[in-house]
Amino acid sequence: MESFSILSLLPILLFTTVAAAAGDELRTFIVHVHPHENHVFGTADERPRGTVPFLPEDSRLIHSYHHVASGFAARLTEQELDALSAMPGFVTAVPNKVYKLLTTHTPSFLGLDAPQAGRRNYSAGFGDGVIIGVLDCGVFPNHPSFSDHGMPPPPAKWKGRCDFNTSAACNNKLIGARSFESNPSPLDQEGHGTHTSSTAAGAAVPGAQVLGQGAGTATGMAPRAHVAMYKVCGDECTGADILAGIDAAVGDGCDVISMSLGGDTEPFYRDPFAIGTFGAVEKGVFVSMAAGNGGPGPGTLTNDAPWMLTVAASTMDRLIGAQVRLGNGLSFDGESVYQPNISTTVTYPLVYAGDGPKPNATFCGNGTLDGLDVKGKIVLCDRGNEISRLDKGAEVKRAGGFGMIMANEFTDGYSALADAHVLPASHGTVLGTKPAPAITSFSSRGPSPQNPGILKPDITAPGVSVLAAWPFPVGAPQLFPGPTFNFMSGTSMSTPHLSGIAALIKSKHPDWSPAAIKSAIMTTADPTDKSGNLIVNEQYVVANFFATGAGHVNPDKAVDPGLVYDIAPAEYLGFLCSMYTNREVSVIARRSVDCSAVTVIPDRMLNYPSISVKLPPSTTNSTAPVVVSRRVKNVGEARAVYYPKVNLPAGVVQVKVTPSSLQFTEANQVQNFTVSVWRGQSTTAKFVQGSLQWVSNKHTVRSPVSITFA
C-alpha cells in the first residue's frame, strides 16, 4: 500500500490565484485516499497549529475524515482533480451531492406506556446510558423535551462538544450539538431536527398537543438515553457534510446514529451514507435510516445497504378526524389539525380548483387559483404534483377561499395525513381506528435496486401524523399556550422510533453487535395489525414484504428475541466483493482490499434475518434447489430446542429446512441450518412470500421469506 503524502499536494493546493485567473469552476469533491498520513488533511480549526503551514486560513479544504472514511472534502477544479488523481495514495473522488430530509401517541401504540411516578411499565427499559447521535437540521435546546431532570451525566467515553453560544444550552439529556454546514450554529431553524431527536429520546412532557389535538404526555422511545445533534442540513444537505457528521458522531462516542435523510440510490462506493455507516457499524455503532418517501411504486427505496436498518412508515390507530358534509347529505371523513368552531347549520359553496383557467390549477399551487372565483367557498384541491399540502391550503386562503378539501390521487389510496393548515381543511382526535398499522402511500418500497438478495425495507414503524417537539408556535399560540409540538409525517418520523428502540436494546444488551440488534428487531416484528389481520397498504390490500419488511416493530419482544442472526464486519466485505471491484470495495472499507483473498458471499448467503432468493426459469434445470445457509446464536434460555415452521403457498414452491431442529445447551451457542427451495407448480406470479419460524417453548423467531421467479 502506498502512502499519501501531504507534501505531494503542495503544487495542487497552492493555486487559488491561478485557478481564479483561469476561470475554472470550483466544485466540491469528496476525496478518498489511503489512510497513511490522512491526519494532516484537517480544516483550519481541526489541524494542530503548524501542521500544514503553507495552507492559508481560507483554504478550500472543507472537512477531513478520520473514523468512517479516509480522506477529505475540498473545492477543486477539474484540472486540479486530474492532477490529484495521479498522485500516489489517491483512491477516488466523488462529486458532492445534495440530499433531502425525509419529511406521542406512538409509545402507547407500540406498547411503551409513558413514565409515571418515575416508573415505566414495560420490560424494554428506558435506554439508560446509551448515546443517540441524530444527523439532521439542528435542535432547539430549550424545549422541555430536552430537560435533563433526573438524567445522569453522559458515559465517560463521551468526547463530544456543545457549539451553542452558551454551554448551558446542553445538559445531561442534550449532551452535544455541532454544525457541519455553512451556519456554525446547531440551532434548528426548520423544526425537523427537533422533531426527530425528541421522537427518539425526548423526556416526558405532559400537556402536549397541537391546536388542541392529540393531547397527552409526549415522550421519546428511549427517554433516559442521551442525545447529540449533528447539524448537516441548512439550506441544503450535502454528502460532504453528512459524511463529516457521521465521522464526528462515531469519534464522539455515539452508540446509535439516526438519519432521516436520503436521496437517489447509487452504488455504495459513491454513496456517503453507505460509506459512512459501514465505518460506523464496523466500530459497533447501530444505524437507523429512512427508507424514503417515494412510494408506493416498486423499487423506490433508498438507504438499502445491509449494514443499516432501513425503516418504512405506517399509520397508528389515531385519527385527527375532520368531516365534510355535503348538501346532498353525503359525508366524508378526512384529517386536519386546524379545526375551528364552525356552525354546522351554515353551508358554503363548493368549487373544484381544476375548473380554473391556470395550468395545473387542480393542484392548488402558488398563484394557480387566480381567475377562479373561490371567495368564501370551500375549494376541492387534488393532492400531489410536488406541491406541499400546507402550500395548497395557503393558496386557497390567499385566493379568498374559506376552506379546503384535498382529494387523494388514486395511488395514495386511503392514506390521509393530519396537517396544521392555515384554514379549515379536511384531508377531533379519534383513538382505536382500524386498520392500524397500515402502510402509508408515501413509504418507499422494495425490492432493493442494488442487492435484490437482501429483502428491504427491514421494518416499519409509525410515520404518519407523529406528534413531537417543535421549536415554533403552531397556529394561534394564545389559544393553546404551553410547550410547542407539531404533527409531521414521513419516513423521517418512523426512523427515530427505531433509533430509540435500538437504544432500549443496546441498554439491555450492551455487548450486542449492530447486526444482533437489527436481528432482534426484525425477527420479533408483528406481521399483523392490532386486530390480528395481515398489515394492509394504502389501498387496504394486504401489503407485501417490499412495503412492510419484517413487519411492525414490537419493542417489548425485541429485547428478548431468543435467537439472533449475527454478522461480522468481515462478512460485509465478502458481500461487497460479490458486487464490486477491489478498488470500489477499498473505498468503502477505508483500506486496501484484495477480493481474491476474501471469502465472497453472494447477497442471498449473507447471514441476514430475512431470506430472499431468485429461482431460475422453469426451462432450465429447475430440479436443482437454490440453497441458503444461515446461522443463529442463542441469546435466550441456555437450554432450548427450536423447531422450524415454514409458511409459504403450498404447491407453488417446495422448501426443506435442515436440520429438523436446533438444540442449544448453553448461552451464546451458535447453530447452522440450510433452507433449500425448488419450484413447485407452474405459476404466473412474479414472487411469493411467507416466513420461516424457529419455535421453542418460549420464543418464535420469524424470518420473512421472499421468493422471486425469473
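Right above here is the structure, for reference.
For the structure given in this document, a descriptive report is provided here. (Residues numbered from 1 in each chain as written. Predicted model: local features only at pLDDT ≥ 70, side-chain atom pairs only at ≥ 80, totals over all residues. Heavy atoms only, no water.)

1. Quick notes on the nonpolar core
I242, I257, M259, L261, W307 and L576 are the most contacted members of the largest nonpolar core, which totals 105 residues. When residues of this core are assigned to their parent elements, the largest contribution, eight residues, is made by helix α6 (residues 239-252). What L576 contacts, discounting residues up to four positions off in sequence, is F268, F278, W307, V585 and I588. Counting residues in each nonpolar core, the second largest holds 26 residues, with V628, F664, V677 and W694 among its members. (Core = buried A, V, L, I, M, F, W, Y, C linked by side-chain atoms within 4.5 Å. Buried < 20%, exposed > 50% of the residue type's maximum accessible area, 1.4 Å probe, protein only. Helix = DSSP H or I, 4+ residues; strand = E, 2+ residues; numbered from the N terminus. Contact = heavy atoms within 4.5 Å.)

2. Some thoughts on the state of the cysteines
Here the structure, examined in full by the defined rule, presents four disulfides. Bridging C162 to C170, the disulfide has an S-S length of 2.1 Å. Given an S-S torsion of about 80°, the disulfide between C162 and C170 has right-handed geometry. Owing to a relative accessible area of 21%, C162 belongs among the partly exposed residues under this scheme. Each sulfur in the disulfide pair C577 and C595 lies 2.0 Å from the other. The sign of the -75° torsion about the S-S bond sets the C577-C595 disulfide as left-handed. Here C595 lies in the loop between α14 (582-589) and β27 (611-615) and C577 lies in helix α13 (residues 569-577), a separation of 18 residues in the sequence. (Disulfide = S-S within 2.5 Å.)

3. Description of a nonpolar patch on the surface
Judged by side-chain polarity, L534, V541 and V542 come together as a nonpolar surface patch covering roughly 260 Å² of accessible area. Tracing the sequence through the fold places V542 in the loop between α10 (514-523) and α11 (545-548). By relative accessible area, V542 is classed as partly exposed at 48%. (Patch = residues over 30% accessible without salt bridge, like charges linked within 9 Å, V, L, I, M, F, W, Y side chains within 5 Å. Areas by Shrake-Rupley, 256 points an atom, 1.4 Å probe, with all protein chains shown as cover. Salt bridge = Lys/Arg side-chain N within 4 Å of Asp/Glu carboxyl O.)

4. Side note on the sheet that holds strand β13 (residues 261-262)
Sheet architecture is open: three strands sit in the order β11-β5-β13, paired in antiparallel fashion. With one partner strand each, in any of the chains shown, β11 (237-238) and β13 form the two edges of the open sheet. Bridge analysis of strand β5 (residues 98-101) against β11 gives two bridges, and the strand direction is antiparallel. When the bridges of β11 are listed, V98 appears paired with T238. (Pairing = 2+ DSSP bridges.)

5. Re the environment of E190
Its place among the elements puts E190 in the loop between β7 (174-179) and α5 (192-201). Exposure remark for E190: the relative accessible area of 36% places this residue in the partly exposed category. Taking C-alpha positions, E190 is 8.5 Å from G234, a pair spaced 44 residues apart along the chain. Among residues more than four places away in sequence, those in contact with E190 are L101, C137, G234, W470 and F472.

6. Re the sheet that holds strand β1 (residues 27-33)
Across the sheet, four strands lie side by side as β2-β3-β1-β4; this open sheet has antiparallel pairing. The strands lining the two open edges of the sheet, one partner per strand, are β2 (61-65) and β4 (90-95). Averaged over all neighbouring strand pairs, the angle between strand axes comes to 25°, with direction disregarded. Pairing of β1 with β4, which is carried by five bridges, proceeds in the antiparallel orientation. Residue pairing for β4: F29 is matched across the bridge by P95. Across the face of the sheet, helix α3 (residues 78-85) comes into contact with β1, β3 (71-76) and β4 while running at roughly 145° to β3. (Axes fitted to C-alpha atoms, helices over the stretch in contact; angles between N-to-C directions.)

7. Looking at α14
For α14, the tally of buried residues reaches six of eight residues, placing the bulk of the element in the interior. Buried within α14 are the following residues: E584, V585, S586, V587, I588 and A589. Lining the buried residues of α14 we find β1, β4, α7 (272-282) and α13. Phi turns positive, to about 70°, at R590, one or two residues after α14.

8. Things to note about the packing of aromatic side chains
Overall, the coordinates contain 13 aromatic pairs when judged by the stated rule. An angle of 90° between the planes, with centres 6.3 Å apart, marks the rings of W470 and F472 as edge-to-face. Given a relative accessible area of 11%, W470 falls into the buried group. The exposure class of F472 is partly exposed, given its relative accessible area of 31%. Measuring from ring centre to ring centre gives 5.2 Å for F546 and F687, while their planes differ by 75°; the resulting arrangement is edge-to-face. One end of the pair, F546, is in helix α11; the other, F687, is in strand β33 (residues 687-695), and 141 residues separate them in sequence. Residue class for F687 comes out partly exposed when judged on its relative accessible area of 30%. Joined through ring pairs, the aromatic side chains of F268, Y269, F278, W307, Y572 and Y580 make up one cluster. (Phe/Tyr/Trp six-rings, centres within 6.5 Å; stacked < 30°, edge-to-face > 60°.)

9. Let's talk about the pattern of salt bridges
All told, the structure shown has 20 salt bridges when counted by the stated rule. Among the salt bridges present, the one from K456 reaches D458, with a minimum N-O distance of 2.7 Å. The same class applies to K456 and to D458, which are both buried. Across the salt bridge formed by K633 and D566, the nearest N and O atoms sit 3.6 Å from each other. Here D566 lies in the loop between β26 (563-564) and α13 and K633 lies in strand β28 (residues 626-634), a separation of 67 residues in the sequence. Among the ionic contacts, a cluster of salt bridges with common partners joins E282, R590 and R591.

10. Brief notes about the packing of α13 against α14
Running from N to C, α13 and α14 point in directions that differ by 150°, and their axes come no closer than 10 Å. Crossing hand, α13 versus α14: right-handed. Side by side, α13 and α14 meet where L573, L576 and C577 of the first sit next to V585, I588 and A589 of the second. For the contact of α13 with α14, the class distribution of residues is six nonpolar, no polar and no charged. (Left-handed = near helix turned anticlockwise from the far one by under 90°. Nonpolar A, V, L, I, M, F, W, Y, C, P; charged D, E, K, R; others polar.)

11. Focus on the packing of α6 against α7
Interaxial distance between α6 and α7 falls to 9 Å at its minimum, and their mutual angle equals 5°. Regarding the angle of α6 to α7, the classification is roughly parallel. In this structure, α6 contributes G239, I242, L243, I246 and V250 to the contact, and α7 contributes P272, F273, G276, T277 and A280. Looking at the contact of α6 with α7 residue by residue, the classes come out as seven nonpolar, three polar and no charged. (Parallel < 35°, antiparallel > 145°, perpendicular 65-115°, else oblique.)

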